[in-house]
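Given next are the chains, with one letter for each unit.
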Amino acid sequence: MSDHGHAEAHPEPAHPEPAHTEAHAPAAGNAENQLQSIRDSIDAKKAEIERKINAAAGKVQGFLRFGMPGTPTKHNILIEPVYAAGDVLGTAGRRVWEVADTTGAMIRATLKMATDPLLHPLNTLKHPIKYAANFGRIFTTSIENYANILNAIPRSLQEVYERGTARPSERLLGRIPLIGSSITKLTNGLGWVIKKPRELTEWLTKPVYGADEWMKGQQG
């Protein structure tokens, strides 16, 4: 007699095994993202500092009035010595700035040599010439500092005469009729003679400055 009153027992369906996920991949990805975030943060800070340095350098150069002075402006005779003293002091400031600016470029090249392999190892490997240019810039800026020292005396003599003697003389004596034009011719003639040593030393050291500019371009 068949037992139709009892339902046939069916086996319970097997529960699928939970999928195992690799725990190491997300961890590695997170570490890489964190490292990239740190690199981006450092690069952003470096760029911000570089912008501030360039802005400050522009202000300093404007304040020190690099380049040949233009036509002297006539001032009150009582404050004329103040302007003359300021022109002479500016000469010392320009010499100090020339050395400081070159030394700063050398320091920045040294820091790039130290940090680029750590922050941007792939770019360092892809662009070995740019990386090697940092070492070259350290060399050229060092030589450029010697060129600045060589040029310091003739530059200072010419600027002290031009800004501290010739210009005040033109501003003061140029007020006198008939004498003013003669004073201008005299100061221009002496200025031509005094400027020649500066032109000579700057001509001799021109390749040094050119080499540093070329190396700067190779840094990228």
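See above for the structure.
**Focus on the overall build of the protein**
Within the protein, the regular secondary structure consists of five helices and zero strands. Overall, the protein shows an N-to-C arrangement of helices and strands of α-α-α-α-α. Counting every position in the protein, which comprises 220 residues, the buried fraction comes to 26%. Here the contacts in the protein between residues at least 6 apart in sequence split such that 84% fall between residues at least 24 apart. In the structure as shown, the protein presents an accessible area of about 15,500 Å², 67% of it carried by carbon and sulfur atoms.

**Structural notes on helix H5 (residues 180-219)**
In H5, a bend of some 45° at Thr205 exceeds every other bend along the element, and Pro207, a proline, comes one to four places later. Within the span of H5, buried status applies to Gly180, Ile183, Thr187, Gly191, Arg198, Thr201, Thr205, Tyr209, Asp212, Met215 and Gln219.

**Topic: the layout of surface pockets**
The calculated volume of the largest pocket comes to roughly 1,200 Å³. Considering the residues around the largest pocket, the lining is formed by 43 residues, among which Glu50, Ala105, Arg108, Arg137 and Gln219 are closest to the centre. If you list the elements that add at least two residues to the lining of the largest pocket, you get helix H1 (24-64), helix H2 (80-119), helix H3 (121-126), helix H4 (128-173) and H5. Broken down by element, the residue count for the lining of the largest pocket peaks at 14 residues, all from H2. Its residues assigned to classes, the lining of the largest pocket comprises 14 nonpolar, 14 polar and 15 charged.

**Describing the pattern of salt bridges**
With the rule as written, the count across this model stands at 10 salt bridges. For Arg94, the salt bridge is made with Glu159, and the minimal N-O distance between the two is 2.8 Å. One end of the pair, Arg94, is in helix H2; the other, Glu159, is in helix H4, with 65 residues separating them in the sequence. Accessibility assignment for this pair places Arg94 and Glu159 in one class, buried.

**Remarks on the side chain of Glu159**
Judged by relative accessible area, Glu159 falls into the buried class, the value being 5%. Only 2.8 Å separates the side chain of Glu159 from the side chain of Arg94, close enough to count as a polar contact. There is a polar contact of 3.2 Å between the side chain of Glu159 and the side chain of Arg198.

**Some details on a nonpolar patch on the surface**
Taken together, the side chains of Leu172, Leu173, Ile176, Leu178 and Ile179 define a hydrophobic patch exposed on the protein surface, amounting to about 440 Å² of accessible area. Mapping Ile176 onto the fold places it in the loop between H4 and H5.

**Remarks on the side chain of Asp212**
Position of Asp212 relative to the elements: it lies in helix H5. By relative accessible area, which is 3% here, Asp212 ends up buried. With near-sequence residues (within four places) excluded, Asp212 lies in contact with Arg137, Thr140, Thr141 and Glu144.

**Details of the packing of H4 against H5**
At a minimum axis distance of 7 Å, the contact between H4 and H5 shows a crossing angle of 170°. On the basis of the axis angle, H4 is roughly antiparallel to H5. For the contact of H4 with H5, the residue count by class is 19 nonpolar, 17 polar and 11 charged.

What counts, and at which threshold
- Note on numbering: residues in each chain are counted from 1, in written sequence order.
- Only residues with pLDDT of at least 70 get local features here, since the model is predicted, and only at 80 or more are side-chain atom pairs given and counted; chain-wide, interface and lining totals rely on the full set of residues.
- Excluded from the side-chain calculations are hydrogens and water; all other atoms, namely the structure's heavy atoms, are used.
- A run of H or I in DSSP becomes a helix once it reaches four residues, and a run of E becomes a strand once it reaches two; helices and strands are each numbered from the N terminus.
- The classification of residues rests on relative accessible area computed with a 1.4 Å probe and restricted to protein chains. Under 20% of the type maximum is buried, over 50% is exposed, and intermediate values are partly exposed.
- We call two residues in contact whenever any of their non-hydrogen atoms come within 4.5 Å of each other.
- Here the accessible surface of atoms and residues is derived via Shrake-Rupley with a 1.4 Å probe, and residues count as covered only by protein chains that are part of the display.
- The quantity called bend is, for any residue, the angle between two axes fitted respectively to the seven residues ending at it and the seven beginning at it.
- Here a cavity is any set of points on a 1 Å grid over the protein atoms alone where a 1.4 Å probe fits but cannot get out, and a pocket is any open set with protein on both sides within 12 Å along at least 5 of 7 lines; a residue lines the site when it has an atom within 4 Å of a point.
- Grid points are joined across faces, edges and corners, and a volume is the space filled by probe spheres set on the points.
- Gly falls in the polar group here, along with every residue not listed as nonpolar (Ala, Val, Leu, Ile, Met, Phe, Trp, Tyr, Cys, Pro) or charged (Asp, Glu, Lys, Arg).
- Note on definitions: salt bridges are taken to be side-chain nitrogens of Lys or Arg within 4 Å of carboxyl oxygens of Asp or Glu.
- For the purposes of these results, a polar contact is taken to be a pair of N or O atoms within 3.5 Å, where, inside protein, one atom must be able to donate a hydrogen and its partner to accept one; residues adjacent in sequence count only when each atom of the pair is a side-chain atom.
- Like-charged residues within 9 Å of one another, or nonpolar side chains (Val, Leu, Ile, Met, Phe, Trp, Tyr) within 5 Å, are grouped into patches, provided each residue has over 30% relative accessible area and no salt bridge.
- Axes here mean lines fitted to C-alpha atoms, for a helix over just the part in contact, with angles spanning 0 to 180 degrees between N-to-C directions.
- An angle below 35 degrees is treated as roughly parallel, one above 145 as roughly antiparallel, one from 65 to 115 as roughly perpendicular, and anything else as oblique.

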